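The lines below spell out each chain.
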Amino acid sequence: MTAAAKLATAALGLLLAFAPHGATAFPTGASAALPPGSELGEDALARPRELFHSEAMGGRKSPLVNLGDLAFNSPSILGGLARRAGMSCGTCHVSGAGNPRLFIPGLSTRPGTFDTTGLAFSPKAFNSLLDPVRLPSLRGARFLAPYGHDGRFASLRDFVHNVIVNEFAGPEPSPAVLDGIVAYIMDIDFLPNPRIGPAGRLEAQASAAERRGEALFLKPFPQQPPLSCAGCHVPRGAFVDHRQHDVGSGGLTKTPTLLNANFNAPYFHDGRYDTYEQVVEHFDRVFDLGLAPGDKQDLVAYLNAVGDAERPFDRDGTALRMKEIREFASVLELAIPSRDTAIVSLVVTGVGAELREITERIPDRRNTAVAGGEAERRAARAAVKDLVLSLRRVELAVAGGRSEEAVAEYASFAHLATFDVPQALKRAEPWTLFNPDVHDAHYRALGQMVQAADKPLH
């Protein structure tokens, strides 16, 4: 097949990819391949803030971290149902945090939990039990070894490999991809919290209730003096002790950090508790602490202080999405000269999926829930399509051994992704699902259509 024919085929596939899902012209999203009632939180208007250590220190993310970020958010590294559903590591760990909305019938007992040993995703990990675990945040993971809710992996690399190959039936990842994902996770920082100091102690502005709670946190348990809250959640050690304990929750689990924990609910390894109040009640009961009502309130106040963070969420929008896409695509700067067709294909697939997500948030003219901005929306969709075609041409040039052509095409892609496409998207954004009013109108209309379709015929 000639290069022109391959491009034509790619364009046909692109047009199909950008076509509305079904007669309704409403996107169904990744959850369409999952059991009815599945929820992945795809319609969220805000995303957890993702802070990278390399950037916080005044530098830039390395090419390896960008490769890992791309792979982490690409369904192509997984297998089976996960790949068919368009799920990635980033589905469960949105922007490196958790996903409290994720729910898959038969694999979740409540939102924010998922059974990694379910048969539907991988027979390799199937254990014949429904035992979902909470989807944890990955912030500060470099400080939180061992890995896994039960701490059975000393190495983050081994943990990531197990998730990809065994839990989600993915193909054996290349060493570069595995190194990249590990580097990406290790670069995700805790969000800053001005309420606690470097040693994990409350700062001067703490309230009286928070200080009383801190004293209780440090105090030995009345019935078991060798134990205390701070004995396991060590303040100067990122509030962990790197060990496993049975705290009356049904077996050994590793100590979770309390940093940024205000945004990590539900709590406990199996997500059984919604609030700090419930957690404190559990420890009071299991360890016979004899806490008075005021003591419990003080401990909750302290946990809220420790678990806080500055600006925990970013508003989702086209600027944020395009910044991420440019970083993902920058992996080509090394992949093209080295003629690494596997990495180039990963970029094209992963970035293409991200661009499709943007397009699905730009309603087409048949979506009657959205009024106005038809020309802007049409131009934005066309601009994104041009961007994907440019990326396809990079892939074809690399596959054909035409390195200079690939470099030139990538330069064209980078220009489009930096200037033309963001401008077109910005002009269209008031009429997209990134606008809260349009978002709500769209999903109200979608809900009405679903209800109408479910009504029995008479």
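For every chain, the first residue of the written sequence is number 1, and numbering continues from 1 onward in sequence order. Restriction of local features to residues with pLDDT of at least 70 applies here, the model being predicted, together with a cutoff of 80 or more for giving and counting side-chain atom pairs; totals for whole chains, interfaces and linings are based on all residues. Excluding hydrogens and water, the side-chain figures rest on all heavy atoms present in the structure.

K.L.:
Would you mind going over the nonpolar core in detail, with residue names and values included?
P.N.:
If you look at soluble globular proteins, the nonpolar side chains tend to sit buried side by side. To define a nonpolar core, start from buried Ala, Val, Leu, Ile, Met, Phe, Trp, Tyr and Cys residues and group those joined through side-chain atoms within 4.5 Å. Three exposure classes are used, based on accessible area relative to the maximum for each residue type with a 1.4 Å probe and protein chains only: buried under 20%, partly exposed in between, and exposed over 50%. Membership of the largest hydrophobic core comes to 74 residues, with the highest contact counts inside it found for Phe121, Ile181, Ile185, Met322, Val351, Leu355 and Phe413. Look past the residues within four positions of Val351 in its chain and what remains in contact with it is Leu70, Ile325, Phe328, Ala329, Leu391 and Phe413. Counting residues in hydrophobic clusters, the runner-up holds 32 residues, among them Ala230, Tyr267, Val280 and Tyr302. Whether two residues are in contact is decided by their heavy atoms, any of which lying within 4.5 Å being enough.

K.L.:
Outline helix H16 (residues 403-428), listing residues and values.
P.N.:
To qualify as a helix, a DSSP run of H or I must reach at least 4 residues; to qualify as a strand, a run of E must reach at least 2; elements of each kind are numbered from the N terminus. The span you would expect from a helix comes to 1.5 Å times its residue count less one. The end-to-end C-alpha distance of H16, which contains 26 residues, comes to 35 Å, matching closely the 38 Å that a straight helix rising 1.5 Å per residue would cover. A residue's bend is simply the angle between two axes: one fitted to the seven residues ending at it, one to the seven starting at it. At Leu416, H16 shows its largest bend, some 45°. Residues of H16 that are buried sit in contact with helix H12 (318-329), helix H13 (332-335), helix H14 (341-360) and helix H15 (374-399).

K.L.:
Quick one: what's the story with the packing of aromatic side chains, residue by residue and with numbers?
P.N.:
Two rings from Phe, Tyr or Trp (for Trp, the six-membered ring) form a pair when their centres sit within 6.5 Å of each other. Planes less than 30 degrees apart are called stacked, planes more than 60 degrees apart edge-to-face, and all others tilted. Applying the stated rule across the entire model yields 16 aromatic pairs. With centroids separated by 5.3 Å and ring planes inclined at 80°, the aromatic side chains of Phe114 and Phe121 adopt a geometry described as edge-to-face. Residue classification places Phe121 among the buried positions, given a relative accessible area of 3%. Here the aromatic residues Phe221, Phe268, Tyr273, Phe283 and Phe287 are joined through ring pairs into a cluster of three or more. One Lys or Arg, Lys61, reaches over the ring of Phe52 and ends 4.2 Å from the middle of that ring. Each ring is checked for a lysine NZ or an arginine CZ that lies within 6 Å of its centre and within 35 degrees of its normal; such an atom marks a charge sitting over the ring.

K.L.:
Before we move on, can you summarise the pattern of salt bridges with the specific residues and values?
P.N.:
Salt bridges are defined as contacts in which a side-chain nitrogen from Lys or Arg sits within 4 Å of a carboxyl oxygen from Asp or Glu. All chains considered together, the criterion is met by 26 salt bridges. Where Arg101 meets Glu39, a salt bridge forms, and the shortest distance between an N and an O atom there is 3.3 Å. Taken together, the residues span a long stretch of sequence, with Arg101 in the loop between helix H5 (89-92) and strand E2 (113-114) and Glu39 in the loop between helix H1 (3-18) and strand E1 (46-48) at a distance of 62 residues. A relative accessible area of 33% places Arg101 in the partly exposed class. Using a relative accessible area of 28% as the deciding quantity, one classes Glu39 as partly exposed.

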